[in-house]
Amino acid sequence: PSDASLVDFSNWLLSKGGVVPSVKPGPVPEGLGLIAQRDISRNEVVVEVPKKLWIDADTVASSEIGQVCGGLRPWVSIALFLLREKTLGDASPWKPYLNVLPSSTDSTIFWSEEELSQIQGTQLLSTTIGVKEYVESEFAKVEEEIILKSKNLFPGSITYDDFLWVFGILRSRSFSRLRGDNLALIPFADLINHNPDITSEDLAWEIKGKGLFGRDQFFSLRAPLFVKSGEQVCIQYDLEKSNAELALDYGFIESNPNRETYTLMLEIAESDPFYDDKLDIVETNGLNETAYFDIVLGQTLTPQLLPYLRLVALGGTDAFLLESIFRNTIWGHLELPVSRENEEAICRVVRDACKNALSAYDTSVEEDERLMESGNLDSRMKIAVGIRAGEKRVLQQIDSIFRNRESELDGLEYYQERRLKDLGLVGDNGEIIFWES
Ligand code: SAM
């Protein structure tokens, strides 16, 4: 955006009751950002945006298209609202804001086929494809049911590409507690960029004024750290997101190992001879037929992963544990090794899955690391290489955990031994105690 459109935008905000005591929008390496006009202390308010400038489900409901957007999910109705305002051009009261929105980000949803080929084999690629299919099907629905049926309300053309763009805008510009039903765009405040060095989400913003003497609500953004005049004010977007989620939502990643994850998906197959019992057991323990376990680099396995795995593999002479008399205690048994066969099976299954997944990537971790060190990658290549290296590192970690387990199978204690011990039939050195006759 031009300097003039940035000035227009600031003036627009001020004329509508916004308060900007200490920052100005301006160009920064991350696109646009908020630049301190004087030293700003920690916890100082940098901008206040009144509710009448937020774009949320209420904005759409009270607009000309409110009537036809009734049953839509908030994001879909907000998407339609923004796209329609865009087609109105000068006639739109939101023009100063629309003018400063970026035409795209580095989110993988905007990557070309060639760029996507750089994440061949990754979970991020399948998620990206899935998300685009979802957006496409949502677009097909609103096009048929709303846009084409209300030509008078939507005189301009709105395409799938427009819809994907606005989806990307909403994903990248919504604040972490303002999603789902509370989804809202907060003009101006949404110019704030993410800084990985800020490791707390506290302080950054709050909604104020609710019900206070009938005063309007406003969104108040604060500086989480001291910022020198001329430098950029940033926040931490979301500590919970993995690099894959950051790449998909915003188009950047961090070099923080806690963001490197791989999601293992496990399921009770319908073809399993004990399908009904196993399903009952997982459901009793708050899990489902299909379960997802996020494994994080350098961290221990999610506690419920091993019991779930053991249950999936349970069969043969261990199947008696599935009988209903064990129903209340089965999960406790599954938290510890059940039998050598069962433990061996889970190691084999997991290691095969890791090998399989690892063989789908085009490059090795070492090749990726060399590329990263070479330093001449563009922003999307950096994301691609970082993501595929990260996933592989986690897969290698999972494989090594189960490789170690495999080598310890003889030394583990299994259900039958624990049981005999409980009954007092095994001595401390493992010898079976016989009664004298
Ligand atoms: N820079 C944005 C703009 O020009 O409108 C304003 C922030 S907007 C809420 C989020 C987007 O800013 C992201 O999708 C990404 O494109 C960019 N961004 C924010 N923080 C970033 C960072 N640390 N590194 C790279 N890009 C960043």
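Small disclaimer: the values here were computed from a predicted structure and weren't measured. (Residues numbered from 1 in each chain as written. Predicted model: local features only at pLDDT ≥ 70, side-chain atom pairs only at ≥ 80, totals over all residues. Heavy atoms only, no water.)

## Re the site of the ligand
Lining the immediate environment of the ligand, one finds 15 residues, of which Leu32, Arg173, Asn193, His194 and Tyr250 sit closest. The contact in question runs from an oxygen atom of the ligand to an N or O atom on the side chain of Arg173, over 2.9 Å. In the environment of the ligand, an oxygen atom lies 2.7 Å from a nitrogen or oxygen atom belonging to the backbone of Tyr250. Isolated, the ligand exposes 560 Å² of accessible area, and the fraction of that covered by the protein chains is 85%. The site holding the ligand turns out to be the largest pocket. (Near = heavy atom within 4 Å. Polar contact = N/O pair within 3.5 Å; in protein donor to acceptor, adjacent residues only side chain to side chain. Areas by Shrake-Rupley, 256 points an atom, 1.4 Å probe, with all protein chains shown as cover. 1 Å grid on protein atoms, 1.4 Å probe; cavity = no way out; pocket = protein on both sides within 12 Å on 5 of 7 lines; lining within 4 Å. Sits in = over half its atoms within 2 Å of the grid points.)

## Details of empty space enclosed by the protein
Counted according to the given criterion, the structure contains two cavities of 30 Å³ or more. When its volume is computed, the largest cavity comes out at roughly 150 Å³. Its residues assigned to classes, the lining of the largest cavity shows seven nonpolar, four polar and five charged. Computed from the structure, the second largest cavity encloses a volume of approximately 30 Å³. Only helix 7 (160-173) and helix 8 (243-249) provide two or more residues apiece to the lining of the second largest cavity. The leading source of residues in the lining of the second largest cavity is helix 7, at three residues. In the lining of the second largest cavity, the residues fall into four nonpolar, two polar and two charged. (Points joined across faces, edges and corners; volume = space filled by probe spheres on them. Nonpolar A, V, L, I, M, F, W, Y, C, P; charged D, E, K, R; others polar. Helix = DSSP H or I, 4+ residues; strand = E, 2+ residues; numbered from the N terminus.)

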